[in-house]
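Descriptive structure summary
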Amino acid sequence: MGDLIDMKKKVTRITLQRMKAKGERIAALTSYDYLSTRLLDGAGIDLILVGDSLGMVIMGYENTLPVTMEEIIHHLKAVSRAKPRAMIVGDLPFMSYQASVEDAVRNAGRLVKEGGAEGVKLEGGKRFVPVIEAIVEASIPVVGHLGLTPQSLYQFGGYRVQGKDDESAGILFQDALSLEKAGCFSMVLEGIPWTLARRISEAVSIPTIGIGAGVHCDGQILVLNDMLGIHEMELPRFVKKYDEIGERITKAVSAYISDVKEGSFPGPGHSYSAGNGEKKGK
Ligand code: KIV
């Protein structure tokens, strides 16, 4: 039998809710593959999101809208195979939950059953209360997502910070209360003023996880490739780069190309010599 997941050590929605109650901050990152998940988990990350950001980071799409259920499930499988201690949340992609409650429950179920997700995330406010309630009713933990929700790119007319005026801040605040009431165990707050994020974080008892929402959220999340410096596009100001791995990859690959072209790789240390019984030339 393969390794069983030790549920005593496993981060679950309950662990995360207890962390908020104790004032312990939650560190979350996206991950899309097996090895990165092992590395993140080894470092002690609390939550791993297989986000629809994979559309831009992995697939090269212009935005997250073309991402399919199959793509999310494919990457979820790789991540869940790493059996992390961290909680694994899978993103419901655009149009997998907007058309009907039935679609939403079925697709949330697929992320858990086929991909190995331990919770799902969906974007949107009050309008999605019936959807959230039905998914929670099916015993699937739900993370809400408010503010600059990238699946609403065309509705917003671009990636714009949300909730900057009193009226829209009031709507987002009410949305946050609705998500908690509907049964979300946590919510992502993206691209909103820190004052609004603080107000929401103080008003709800479930953990808020911020991205571009200031330091007063109960946790933070970033796209892994952005914080590691493996990206093509200009990054928003809320991203802190912890490394420049993209530059280091280019440097390493350039050195390899030079070695190959010059004939200095492989050297004797990377080559096999003929031993007993081995025919020359093999
Ligand atoms: O898709 C994603 O990676 C996300 C996070 C950035 C919150 O939704």
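Relevant structure appears above.
Reading the values: the criteria
Residues numbered from 1 in each chain as written. Predicted model: local features only at pLDDT ≥ 70, side-chain atom pairs only at ≥ 80, totals over all residues. Heavy atoms only, no water. Helix = DSSP H or I, 4+ residues; strand = E, 2+ residues; numbered from the N terminus. Expected span 1.5 Å × (residues − 1). Buried < 20%, exposed > 50% of the residue type's maximum accessible area, 1.4 Å probe, protein only. Contact = heavy atoms within 4.5 Å. Pairing = 2+ DSSP bridges. Salt bridge = Lys/Arg side-chain N within 4 Å of Asp/Glu carboxyl O.

1. Looking at helix α4 (residues 69–80)
- Over its 12 residues, α4 extends 16 Å from the first C-alpha to the last, a length consistent with the 16 Å expected when each residue adds 1.5 Å.
- A large share of α4 lies buried, amounting to nine of its 12 residues.
- Here α4 has its buried residues at M69, E71, I72, I73, H75, L76, A78, V79 and S80.
- The secondary structure elements touched by the buried residues of α4 are α2 (34–43), β2 (47–50), α3 (54–57), β3 (87–91) and α5 (101–115).

2. Observations regarding unusual backbone geometry
- For the bond running from F265 to P266, omega is 0°, close enough to zero to count as cis.
- For P266, the location among the structural elements is in the segment after α11 (245–262).
- We note that K83 has phi near 45°; this positive angle belongs to a residue other than glycine.
- Looking at the element boundaries, K83 is found in the loop between α4 and β3.
- Despite not being glycine, M95 has its phi angle at roughly 70°, a positive value.
- By the secondary structure assignment, M95 is in the loop between β3 and α5.

3. Regarding the pairing of strand β8 (residues 219–222)
- In this structure, strand β1 (residues 26–30) lies alongside β8, joined through four bridges in parallel fashion. Bridge pairing in β8 links L29 to L222.
- In this structure, strand β7 (residues 208–211) lies alongside β8, joined through two bridges in parallel fashion. By the bridge assignment, I209 is partnered in β8 with G219.

4. Some details on the pattern of salt bridges
- Scanning the model with the defined rule gives nine salt bridges in all.
- Between R110 and E70 there is a salt bridge whose closest N-O contact spans 2.8 Å. In this pair, R110 sits in helix α5 while E70 sits in helix α4, placing the two residues 40 residues apart along the sequence.
- What makes R110 partly exposed here is its relative accessible area of 23%.
- We classify E70 as partly exposed; its relative accessible area is 48%.
- With a closest N to O distance of 2.8 Å, K121 and D91 form a salt bridge. Note that K121 is positioned in strand β4 (residues 119–121) and D91 in strand β3, a separation of 30 residues in sequence.
- What makes D91 buried here is its relative accessible area of 2%.
- The network of salt bridges with common partners includes E70, R110 and E114.

Coordinates in, geometry out; function isn't part of it.
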